[in-house]
Amino acid sequence: MTRVKLWSIAVPAATALVGIVAASFVSPEATALFTGAAAAVAGFGWPYLLGVPARKTQGLVLALVGAGGVAAAYFAPATAMLTWMPGIVAVGVGAVFLIQLLRGTGQPHRLESTIGVIAGALVAGMAAGWVAADRLPGGNGSEGLISAGAAAIAVAILISLIPLADRITAPIGVVAGALAGAGAAALVTGLPLAAGAFVGVLCAAVIVAVRRLVLIRDDSPGVLGIIATGASPVLALGTAVYFAGRLLVP
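Residues numbered from 1 in each chain as written. Predicted model: local features only at pLDDT ≥ 70, side-chain atom pairs only at ≥ 80, totals over all residues. Heavy atoms only, no water.

1. Here we look at the pattern of salt bridges
Consideration 1: Taken as a whole and judged by the stated rule, the model has two salt bridges.
Consideration 2: Residue Arg-211 pairs with Asp-166 through a salt bridge whose shortest N-O separation is 2.4 Å. Here Asp-166 lies in helix α8 (residues 166–187) and Arg-211 lies in helix α9 (residues 193–215), a separation of 45 residues in the sequence.
Consideration 3: Its relative accessible area of 5% is what places Arg-211 among the buried residues.
Consideration 4: A salt bridge links Arg-212 to Asp-166; the nearest nitrogen and oxygen atoms lie 3.1 Å apart. (Salt bridge = Lys/Arg side-chain N within 4 Å of Asp/Glu carboxyl O. Helix = DSSP H or I, 4+ residues; strand = E, 2+ residues; numbered from the N terminus. Buried < 20%, exposed > 50% of the residue type's maximum accessible area, 1.4 Å probe, protein only.)

2. Describing the side chain of Ser-160
Consideration 1: Inspection of the secondary structure puts Ser-160 in helix α7 (residues 142–160).
Consideration 2: Exposure remark for Ser-160: the relative accessible area of 6% places this residue in the buried category.
Consideration 3: At 2.7 Å, the side chain of Ser-160 forms a polar contact with the backbone oxygen of Ala-156.
Consideration 4: Once you skip the residues sitting within four places of it in the chain, Ser-160 turns out to touch Leu-6, Ile-207, Val-208 and Arg-211. (Polar contact = N/O pair within 3.5 Å; in protein donor to acceptor, adjacent residues only side chain to side chain. Contact = heavy atoms within 4.5 Å.)

3. Here we look at the layout of surface pockets
Consideration 1: Counted as a void, the largest pocket has a volume near 260 Å³.
Consideration 2: As for the largest pocket, its lining consists of 14 residues, and the residues nearest its centre are Leu-49, Leu-213, Val-214, Arg-217 and Thr-229.
Consideration 3: Counting only elements with at least two residues in the lining of the largest pocket, the list comes to α2 (28–50), α9 and α10 (222–248).
Consideration 4: Here the lining of the largest pocket is built from residues that sort into eleven nonpolar, two polar and one charged.
Consideration 5: The calculated volume of the second largest pocket comes to roughly 210 Å³.
Consideration 6: Together, Val-21, Ser-24, Phe-25, Asp-134, Ser-142, Glu-143, Ile-146, Ser-147, Ala-150, Ala-151 and Val-188 line the second largest pocket.
Consideration 7: At six residues, the largest contribution of residues to the lining of the second largest pocket is made by α7.
Consideration 8: Its residues placed into classes, the lining of the second largest pocket shows six nonpolar, three polar and two charged. (1 Å grid on protein atoms, 1.4 Å probe; cavity = no way out; pocket = protein on both sides within 12 Å on 5 of 7 lines; lining within 4 Å. Points joined across faces, edges and corners; volume = space filled by probe spheres on them. Nonpolar A, V, L, I, M, F, W, Y, C, P; charged D, E, K, R; others polar.)

This is how it looks when you write it as structure tokens:
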């Protein structure tokens, strides 16, 4: 068996992160275009990560969920930017069940395929949070939110590459994420330090948890699976960042 190298996961994760941050400095439209494309690619690769049957068909469904969720967040009213996202995810879940029915009875790995791909639909849909965060008015700290989340994710990715045990890298990554989030909040107006630290802890915790999942896997999911493994957590954290900002920023 060929084990996945941590750096191969870090590359798509960093690519997704840099693209989101760079696009946020351009315009919400640029953020929506990049995030939608990234969510579509990661969603398509999700079934390859799981190694389930009907990968192309189910991957297409998840790609549409990711791109559709981002589009909905962009076109939704500013007072309810993620209102349509659950509905799009629900449509994707319905499509997954339909695919399983069309596969016929007695097909192998039906339960694993259904549960895993449903989780992928949720992850793909959560990418819309980055667009929603970018559309927040300046008083709600949209720039600070994205900066704090991105700084924490970047630091956590770097620490995850250190070849040490999880019991060492995990707490270091979370603490460093909190400091990075607070530091970003101090540099960018609109986000309190405590809120920046909280966003940093939240983002870093997810990244170091994914590191553990990567290390316990004995085989490689292929190129598409690796892309999904790296990009999906970064994309999904968009919703967490958005809601953290709505709750913590006046």
